[in-house]
Number of protein chains: 2
Amino acid sequence: MKFAVYIPPQAESGPVPVIYWLSGLTCTEQNFITKAGAQQYASKHGFLVVAPDTSPRDCKIPGEDDSWDFGTGAGFYVDATEEKWKTNYRMFSYVTKELPALVAANFKVESDKAGIMGHSMGGHGALICALKNPGQYKSVSAFAPICNPVNCPWGVKAFSGYLGEGNKDAWKEYDACELAKKYNGPPLEIMVDQGKADNFLTQGQLLPDNLVGACAEGGVPIIMRMQEGYDHSYYFMATFMADHFDHHAKFLKA
Amino acid sequence: MKFAVYIPPQAESGPVPVIYWLSGLTCTEQNFITKAGAQQYASKHGFLVVAPDTSPRDCKIPGEDDSWDFGTGAGFYVDATEEKWKTNYRMFSYVTKELPALVAANFKVESDKAGIMGHSMGGHGALICALKNPGQYKSVSAFAPICNPVNCPWGVKAFSGYLGEGNKDAWKEYDACELAKKYNGPPLEIMVDQGKADNFLTQGQLLPDNLVGACAEGGVPIIMRMQEGYDHSYYFMATFMADHFDHHAKFLKA
């Protein structure tokens with residue numbers, strides 16, 4: 001598994017907080033570091049940033065490369081339970097356990113000061129990592145996340161494949177809306193930016209309104225900003241990246 | 001020919017200055033707009049930014065795709081005179097005449113307020129466009145430019161191919177050092193950033209010292225900043241992009 005790391009100048013004089021970035025469908029560990037323009041904000045605040053790949057690769061699982069939205073590049077940040085995938089596709093454990101341990105062992109980070117953010121499929125990933133592990137992440141934010149995968153075509157396809165067709169109870173354990181409704185942990189303020197001209201919004205893949213409703217039900221504070229004229233791209237994210245780092249700084253540098 | 005355009009919000013209320021960005025070897029019109037993070041500075045200053053491709057493409061010229069540093073993606077911003085290339089490979093005329101006319105006809109720009117900047121082969125391009133057309137560009141800057149193509153392997157290969165082997169007099173007309181020595185026009189202050197850990201610097205492809213010497217000889221002011229630890233990448237450029245836009249603003253908004 002490849003991952004990218006940005007080390008801020010502040011790390012030269014001691015351990016720094018760490019932010020995990022989870023990318024969207026088809027991405028590798030490269031997309032965020034080349035396109036988001038986030039280094040300047042990580043440098044300003046003194047955050048080490050870790051950007052993992054979006055799935056295992058080249059596992060030789062039959063069909064792993066058949067779809068752009070399932071298998072390679074589309075791990076959906078779940079631990080698969082279906083026979084074919086369960087050995088390799090364990091992105092939830094990778095992102096929340098194996099990777100933080102690797103990072104703690106190899107970089108100067110304050111492991112109790114971790115934040116997590118992501119885009120689209122990775123926005124879903126960031127939300128579920130934070131909501132399923134109360135206290136592990138002090139801050140969470142997302143750009144155009146897949147908010148309610150059990151109710152959108154991408155999510156249904158992925159969860160059917162990794163967790164079993166129709167296995168709704170298992171699916172709900174990886175659904176940000178379901179998790180927000182029953183969240184029980186330290187205060188967690190979610191920040192989301194969503195472009196109003198995002199074609200995946202129109203297609204019903206993202207369902208931000210459902211997340212706002214679920215957060216209200218679960219008593220989880222959420223800042224949901226609907227951004228006029230913005231699409232699903234890295235241009236959109238680069239525009240508001242400074243605000244997301246400011247949001248994380250509120251909690252990681254408190 | 002494809003080109004990318006960033007239109008700043010200020011263009012909604014009237015014409016704005018324009019900056020041309022010339023990319024380096026192998027690039028298309030996409031590299032700068034996805035990786036440089038420059039939109040924020042163009043937006044701040046109110047500059048329209050135009051990023052053309054680096055060569056004609058798919059001309060069906062035998063051998064056009066044989067090298068990464070000659071032919072497709074490697075136009076070197078010259079008007080070729082060799083029979084095989086002279087019909088299509090006219091990047092100097094394209095960048096300095098055809099493209100500005102297209103831009104003036106289709107976007108709200110103050111055509112008398114133009115700047116030009118570029119990277120590597122495109123840094124060479126920016127320098128020669130400004131030095132060969134006194135007054136057309138009010139401002140010029142470059143990242144890791146090929147400063148003295150007649151004396152480096154990339155330049156010798158390209159100029160031999162496009163302008164004729166050993167045709168040194170023609171070569172000199174597209175060499176920033178030769179042009180700086182004999183510059184005669186309105187004041188032009190060149191700004192250059194060069195990474196000290198740039199492998200192409202070590203390999204003698206860029207020769208910034210020669211440009212500093214030539215500028216001294218020609219009385220052209222130059223700010224040459226040697227940046228410790230930086231390489232030839234877009235990460236290097238993103239780091240100092242704000243300074244380059246500030247430099248252009250000094251002249252374009254004067």
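Residues numbered from 1 in each chain as written. Chains lettered and ligands numbered in written order. Predicted model: local features only at pLDDT ≥ 70, side-chain atom pairs only at ≥ 80, totals over all residues. Heavy atoms only, no water.

1. Brief notes about the overall build of chain A
Threshold: The helix and strand labels rest on DSSP assignments: H or I over at least four residues marks a helix, E over at least two residues marks a strand, and numbering proceeds from the N terminus. Restricting the calculation to C-alpha atoms gives the radius of gyration, and the globule rule supplies 2.2 Å times the number of residues raised to the power 0.38. Buried means the residue's accessible area, taken with a 1.4 Å probe over protein chains only, is under 20% of the maximum for its type, while exposed means over 50%, and partly exposed covers the values in between. Contacts are residue-level and defined by heavy atoms, with any inter-residue pair within 4.5 Å sufficient. We get accessible surface area from the Shrake-Rupley algorithm with a probe of 1.4 Å; when it comes to residues, only the shown protein chains can shield them. All tallies of charge rest on Lys and Arg as positive and Asp and Glu as negative; His and the ends of each chain are not included. Charged groups are reduced to one reference atom each: NZ for lysine, CZ for arginine, CG for aspartic acid, CD for glutamic acid.
On a plain count of helices and strands, chain A comes out with 10 helices and seven strands. Since a compact globule built from 254 residues should have a radius of gyration of about 18 Å, the 17 Å found for chain A is in line with a globular shape. A principal-axis box enclosing the C-alpha atoms of chain A has dimensions of 50 × 40 × 35 Å. The proportion of buried residues among the 254 residues of chain A is 56%. Excluding contacts between residues fewer than 6 apart, the proportion of contacts in chain A whose partners are at least 24 apart in sequence is 77%. Accessible area for chain A stands at about 10000 Å²; split by element, carbon and sulfur atoms hold 51% of it. Distance between charge centroids for chain A: 4 Å, based on 22 positive and 28 negative side chains.

2. Structural notes on the sheet that holds strand E4 (residues 109-119) of chain A
Residues and elements named next belong to chain A. Rules: Should DSSP find at least two bridges between two strands, the strands are taken to pair. Axis angles are defined between N-to-C directions and span 0 to 180 degrees, where every axis is a line fitted to C-alpha atoms and, for a helix, only to the segment in contact.
Pairing in this open sheet of seven strands is mixed, and the strands run E1-E3-E2-E4-E5-E6-E7 from one edge to the other. Sheet topology places strand E1 (3-6) and strand E7 (222-227) at the edges, where each strand pairs with a single neighbour. Across the sheet, the axes of successive neighbouring strands diverge by a mean angle of 15 degrees, strand direction being ignored. Here five bridges tie E4 to strand E5 (residues 139-143), and the two strands are oriented parallel to one another. Considered in E5, the bridge of Ile-116 is made with Val-140. Relative to strand E3 (residues 48-52), helix H3 (residues 91-106) is tilted by about 130 degrees, and along the sheet it contacts E1, strand E2 (16-22), E3 and E4. Each of E2, E3, E4, E5, strand E6 (190-195) and E7 is contacted by helix H10 (residues 234-252), which is oriented at about 170 degrees to E5, the strand it contacts most.

3. Topic: the side chain of Asp193(A)
All names here are of chain A. As a reminder of what qualifies: Throughout this description, a polar contact denotes any pair of N or O atoms lying within 3.5 Å of each other; where both atoms belong to protein, one of them has to be capable of donating a hydrogen while the other can accept it, and for residues adjacent in sequence the pair is counted only when both atoms sit in side chains.
Residue position: Asp-193 is located in strand E6. Judged by relative accessible area, which is 0%, Asp-193 ranks as buried. Within the structure, Asp-193 has its side chain in polar contact with the side chain of Arg-225 (distance 2.7 Å). Engagement of the side chain of Asp-193 in a polar contact is seen with the side chain of Gln-227, the distance being 2.8 Å. When residues no more than four places from it in sequence are discounted, the contact partners of Asp-193 are Ala-142, Phe-143, Ala-144, Pro-145, Arg-225, Gln-227, Phe-236, Phe-240 and His-244.

4. Observations concerning the relation of the copies chain B and chain A
Applicable threshold: Here the copies are matched by least squares. The fit uses the C-alpha atoms of residues with pLDDT of at least 70 in both.
Once chain B is rotated about the relating axis by 180 degrees and shifted along it by 0.0 Å, it coincides with chain A to within an RMSD of 0.0 Å. On the angle and the small slide along the axis, the relation comes out as a two-fold axis. Residue by residue, 100% of the interface of chain B is reproduced at the interface of chain A, so both copies engage with the same surface.

5. What to know about the UniProt feature "active site" (unreviewed entry) in chain A
All names here are of chain A. Formally: UniProt positions are given in the numbering used here, feature names are shortened, and annotations may be inferred rather than shown by experiment.
Under the present numbering, the feature "active site" (unreviewed entry) in UniProt falls on Ser-120, Asp-198 and His-232. Spanning 113 residues, the annotated positions come together in the fold, the maximum distance between their C-alpha atoms being 10.9 Å. Relative to the assigned elements, Ser-120 resides in the loop between E4 and helix H4 (121-132). Setting aside chain neighbours within four positions, we find Ser-120 in contact with Gly-24, Phe-143, Ala-144, Pro-145, Ile-146, Trp-154 and His-232. Using a relative accessible area of 0% as the deciding quantity, one classes Asp-198 as buried.

6. Describing the nonpolar core
Our working rule: We call a set of buried residues a nonpolar core when its members are Ala, Val, Leu, Ile, Met, Phe, Trp, Tyr or Cys and they connect through side-chain atoms within 4.5 Å of each other.
In this structure, Phe32(A), Phe76(A), Ile116(A), Tyr162(A), Met241(A) and Phe245(A) are the most contacted members of the largest nonpolar core, which totals 85 residues. Among the elements that line this core, the one with the most residues is H10(A), at eight residues. When residues no more than four places from it in sequence are discounted, the contact partners of Tyr162(A) are Phe70(A), Gly71(A), Ala74(A), Gly75(A), Phe76(A), Val78(A), Ala80(A), Thr81(A), Glu82(A), Trp85(A) and Tyr89(A). If you look at the next biggest cluster of nonpolar residues, it comprises 84 residues, including Ala4(B), Tyr77(B), Leu188(B) and Leu211(B).

7. Some points on the environment of Val150(A)
Residues and elements named next belong to chain A. Structurally, the position occupied by Val-150 is in the loop between E5 and helix H5 (153-163). Expressed as a C-alpha distance, the spacing of Val-150 and Cys-177, which sit 27 residues apart in the sequence, is 9.2 Å. Every residue in contact with Val-150, bar those within four places of it in the chain, is listed here: Val-156, Phe-159, Trp-171, Lys-172 and Asp-175.

8. Concerning the packing of aromatic side chains
Quick reminder of the rule: The pairing test for Phe, Tyr and Trp rings, Trp by its six-membered ring, is centres within 6.5 Å, and the orientation test on the planes gives stacked under 30 degrees, edge-to-face over 60, and tilted for anything in between. We call a charge positioned over a ring when the NZ of a Lys or the CZ of an Arg lies within 6 Å of the ring centre and within 35 degrees of the ring normal.
Under the defined criterion, the tally for this structure stands at 36 aromatic pairs over all chains. Centroid distance Phe159(B) to Trp171(B): 6.2 Å. Interplanar angle 70 degrees. Geometry classified as edge-to-face. With a gap of 12 residues between them, Phe159(B) in helix H5 (residues 153-163) and Trp171(B) in helix H6 (residues 168-172) connect regions that are remote in the sequence. A ring pair is formed by Tyr230(B) and Phe240(B), whose centres lie 5.0 Å apart and whose planes are at 70 degrees; its orientation type is edge-to-face. Here Tyr230(B), found in the loop between strand E7 (222-227) and helix H10 (234-252), pairs with Phe240(B), found in helix H10; they are 10 residues apart in sequence, far enough to count as distant. Looking at Tyr230(B), the relative accessible area reads 28%, which means it is partly exposed. Put simply, the rings of Trp21(A), Phe32(A), Phe143(A), Tyr230(A), Phe236(A) and Phe240(A) pair up and form one aromatic cluster. Here Lys132(A) stacks its cationic end above the ring of Phe92(A), 5.4 Å away from the centre of that ring. In this structure, Lys132(B) is placed above the aromatic ring of Tyr174(B), and the distance from its NZ or CZ to the ring centre is 4.6 Å.

9. Considerations on the side chain of His248(A)
Residue and element names in this part refer to chain A. Mapped onto the secondary structure, His-248 falls in helix H10. Of the residues examined, His-248 reaches a relative accessible area of 0% and is grouped as buried. Of note is the side chain of His-248, whose polar atom sits 2.7 Å from the side chain of Ser-139. For His-248, the contacting residues outside a window of four places in its chain are Ile-19, Phe-47, Gly-115, Ile-116, Met-117, Ser-139, Val-140 and Ser-141.

10. A closer look at the sheet that holds strand E3 (residues 48-52) of chain B
Residue and element names in this part refer to chain B. Strands sit in the order E1-E3-E2-E4-E5-E6-E7 across an open sheet of seven strands; the sheet is mixed. Pairing within the sheet leaves two strands with one partner each, and these edge strands are strand E1 (3-6) and E7. Sheet twist, expressed as the mean angle between neighbouring strand axes with direction ignored, is 15 degrees. Pairing between strand E2 (residues 16-22) and strand E4 (residues 109-119): six bridges, direction parallel. Looking at the pairing, Val-18 lines up with Ala-114 of E4. Contacting E2, E4, strand E5 (139-143) and strand E6 (190-195), helix H4 (residues 121-132) runs over the sheet at an angle of about 140 degrees to E4. Contacting E6 and E7, helix H9 (residues 208-218) runs over the sheet at an angle of about 160 degrees to E7.

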